[in-house]
Number of protein chains: 2
Amino acid sequence: MQATSTLNGIDLDQLSGTIEAVSGDPTLARFQFRARNHWIDGGFSRSTIKDFYGVGQEDATRAQAFSVESDEPPVLLGENRAPNTVEYVLHALAACVSGTIAYHAAARGIALDGMETTIQGDLDLHGFLGLDGEVRPGFEQIRVGIKVAGDFNDSQLAELASLTRFSPVRDIVTNPVPVAIEVGRA
Amino acid sequence: MQATSTLNGIDLDQLSGTIEAVSGDPTLARFQFRARNHWIDGGFSRSTIKDFYGVGQEDATRAQAFSVESDEPPVLLGENRAPNTVEYVLHALAACVSGTIAYHAAARGIALDGMETTIQGDLDLHGFLGLDGEVRPGFEQIRVGIKVAGDFNDSQLAELASLTRFSPVRDIVTNPVPVAIEVGRA
């Protein structure tokens, strides 16, 4: 029986096993994530998230679906029943860059004692309202500040900063993703 | 006293008032949304979402902060305590395109009886793991299917389909957003 080696909350044997498995059979790296959204009224809707495909099979580990709601604040004609959709993008991006740092730091043997991330996104409502075709509907820019605690030197800190390049959500937000949308009758 | 006119759950007087206000003073359209993320371990973290700036002032309508967690499934070395970050992107995109259709349909006098959206995103783990520099970390493509119920004709259905062009999250995902990241010591 071997002792389990864990760093930053990540099982290092399992991490190296995943890397070896994917290196041996690239098809294992194919994932498909999914959600279903039920519109209720205005900007209020509820998504259900459960199944996904990865490592060569449909995942069956989630006994129950996650339920995630979105709404708007009153100034955007909602009732504050949940964060709005662009705030979820900020959550996803902040959580993804910090998680990505934690995983890749573990693979490099760098222990983290804590990490706090602040994020802000600037948006001009002219785009959403369709009042100015020159103004994009989404964020014009996003700023992320990450404070990491741990016993590492300056060179390692610089390495940690570079690890966000592996973040899936950073890539999704900073680079174009093709989105195919079909609208039909229910 | 006037009767309140509501369509798709949206107060039409308030909607036209917002459009008039922004047309009269473009600075009112400037919004800044924010989140704070607290990393716990591995891919598990918790975001706090409360304040934002918009319509010329700091918003004060949320008495309590929203708390949103992310985790990974076991196959990605987590414990399924919450959806993962790319699933939140799918939620945000699905909720945003449906909400955008609801708002702009209301502005055009088109009543919706319901809307269901399915969404899938394909991702190759080689990118996140840093095993292949040619593979992006994020989604390679996303497919969205929207089924709308209501008493509208084919021309109006085509108009509904075109309204997703105003969606902030669709813009964020399909077009590049500049993201500035600073990493420092806690």
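### Comments concerning the relation of the copies chain B and chain A
Phase 1: Aligned on chain A, chain B shows an RMSD of 0.0 Å; the corresponding rotation is 180 degrees and the shift along the axis is 0.0 Å. With respect to symmetry, the two chain copies, as superposed, fit the operation of a two-fold axis.
Phase 2: A shared binding surface is used by both copies, with 100% of the interface residues of chain B retained as interface residues in chain A.

### Remarks on helix α1 (residues 12–24) of chain B
Turn by turn, an α-helix covers 3.6 residues, leaving residues three or four places apart pointing in a common direction.
Phase 1: For α1 of chain B, with 13 residues, the first-to-last C-alpha span of 18 Å sits near the 18 Å given by 1.5 Å per residue.
Phase 2: The inward-facing, buried residues of α1 of chain B abut α3 (125–129) of chain A together with β2 (10–11) and α2 (85–107) of chain B.

### Topic: the confidence of the model for chain A
Phase 1: Residues at a pLDDT of 70 or more form 98% of chain A, whose mean pLDDT is 96.
Phase 2: Interface confidence for the predicted complex, given as ipTM, is 0.97, next to a pTM of 0.97.

### Comments concerning the packing of aromatic side chains
Note on aromatic pairs: each is described by the distance of the centres and the angle between the planes.
Phase 1: For the structure shown, the criterion picks out 9 aromatic pairs over all chains.
Phase 2: Between Phe31 of chain A and Phe33 of chain A, the ring centres sit 5.6 Å apart and the planes meet at 20 degrees, which makes this aromatic pair stacked.
Phase 3: Each ring, one from Tyr88 of chain A and one from Tyr88 of chain B, has its centre 5.9 Å from the other, and the planes form 15 degrees; the classification is stacked. Of this pair, Tyr88 of chain A sits in helix α2 (residues 85–107) while Tyr88 of chain B sits in helix α2, placing the two residues on different chains. One exposure class covers both Tyr88 of chain A and Tyr88 of chain B, and it is buried.
Phase 4: Taken together, the ring pairs connect Phe31, Phe33 and Phe52 of chain A into an aromatic cluster.
Phase 5: Its guanidinium or amino end placed over the ring of Phe44 of chain A, Arg81 of chain A lies 3.9 Å from that ring's centre, counting from NZ or CZ.

### Here's the deal with the nonpolar core
Phase 1: Membership of the largest hydrophobic core comes to 105 residues, with the highest contact counts inside it found for Leu112, Phe139 and Ile142 of chain A together with Leu112, Phe139 and Ile142 of chain B.
Phase 2: When residues no more than four places from it in sequence are discounted, the contact partners of Ile142 of chain B are Val177, Pro178, Val179 and Ala180 of chain A together with Leu90, Leu93, Ile119, Gln120, Gly121 and Val173 of chain B.

### Some points on the pattern of salt bridges
A side chain with one charge may pair with a side chain of the opposite charge, provided their charged atoms come close.
Residue and element names in this part refer to chain A.
Phase 1: In the structure shown here, the tally under the stated rule is 26 salt bridges over all chains.
Phase 2: A salt bridge links Arg81 to Glu79; the shortest N-O distance between them is 3.8 Å.
Phase 3: Taking the relative accessible area as the measure of exposure, Glu79 reaches 56% and is therefore exposed.
Phase 4: Bridged by salt links that share partners, the residues Asp41, Asp71, Glu79 and Arg81 form one connected network.

### A short note on the environment of Gln14 of chain B
Phase 1: Looking at where Gln14 of chain B falls in the secondary structure, it is placed in helix α1.
Phase 2: For the pair Gln14 of chain B and Gln120 of chain B, spaced 106 residues apart in the sequence, the C-alpha separation amounts to 34 Å.
Phase 3: Polar side-chain contacts of Gln14 of chain B include one of 3.0 Å to the backbone oxygen of Pro74 of chain A.

### Observations concerning the interface of chain B and chain A
Phase 1: At the junction of the two partners, chain B supplies 129 residues and chain A supplies 130 residues.
Phase 2: Around 11500 Å² of area is buried between chain B and chain A when both sides are counted, 62% of it from carbon and sulfur atoms.
Phase 3: The largest per-residue losses of area from chain B upon contact with chain A belong to Phe33, Trp39 and Arg185 of chain B, which jointly make up 7% of the total buried on that side.
Phase 4: In this structure, the connection of chain B to chain A is made through 10 salt bridges.
Phase 5: Note that Arg185 of chain B and Asp154 of chain A form a salt bridge whose closest N and O atoms lie 2.8 Å from each other.
Phase 6: Among the elements that take part in the side of chain B that touches chain A, α2 of chain B stands out by supplying 19 residues, more than any other.
Phase 7: Strand direction decides the pairing type here: strand β8 (residues 114–124) of chain A and strand β3 (residues 30–41) of chain B, joined by 9 bridges, are antiparallel. Residue pairing in the sheet places Glu116 of chain A in a bridge with His38 of chain B of β3 of chain B.

### Overview of the side chain of Arg34 of chain B
Phase 1: Checked against the element boundaries, Arg34 of chain B lands in strand β3.
Phase 2: Here Arg34 of chain B falls in the buried class, since its relative accessible area comes to 17%.
Phase 3: Within the structure, Arg34 of chain B has its side chain in polar contact with the side chain of Asp51 of chain B (distance 2.7 Å).
Phase 4: Polar side-chain contacts of Arg34 of chain B include one of 2.8 Å to the side chain of Glu58 of chain B.
Phase 5: Dropping the residues within four chain positions of it, Arg34 of chain B is found in contact with Leu90, Ile119 and Gln120 of chain A together with Ile49, Asp51, Phe52, Tyr53 and Glu58 of chain B.

### Quick notes on the pairing of strand β9 (residues 139–149) of chain B
Phase 1: Bridge analysis of strand β10 (residues 179–185) of chain A against β9 of chain B gives 7 bridges, and the strand direction is parallel. Residue pairing in the sheet places Glu182 of chain A in a bridge with Gly145 of chain B of β9 of chain B.
Phase 2: Pairing geometry for strand β8 (residues 114–124) of chain B and β9 of chain B, over 10 bridges, is antiparallel. In the strand pairing of β9 of chain B, Gly114 of chain B is matched with Ala149 of chain B.

Cut-offs applied
- Residues numbered from 1 in each chain as written.
- Chains lettered and ligands numbered in written order.
- Predicted model: local features only at pLDDT ≥ 70, side-chain atom pairs only at ≥ 80, totals over all residues.
- Heavy atoms only, no water.
- Least-squares fit on C-alpha atoms with pLDDT ≥ 70 in both.
- Contact = heavy atoms within 4.5 Å.
- Helix = DSSP H or I, 4+ residues; strand = E, 2+ residues; numbered from the N terminus.
- Expected span 1.5 Å × (residues − 1).
- pLDDT = per-residue confidence, 0-100.
- Phe/Tyr/Trp six-rings, centres within 6.5 Å; stacked < 30°, edge-to-face > 60°.
- Buried < 20%, exposed > 50% of the residue type's maximum accessible area, 1.4 Å probe, protein only.
- Lys NZ or Arg CZ within 6 Å of the ring centre and 35° of its normal.
- Core = buried A, V, L, I, M, F, W, Y, C linked by side-chain atoms within 4.5 Å.
- Salt bridge = Lys/Arg side-chain N within 4 Å of Asp/Glu carboxyl O.
- Polar contact = N/O pair within 3.5 Å; in protein donor to acceptor, adjacent residues only side chain to side chain.
- Buried area = accessible area lost by both parts, 1.4 Å probe.
- Pairing = 2+ DSSP bridges.

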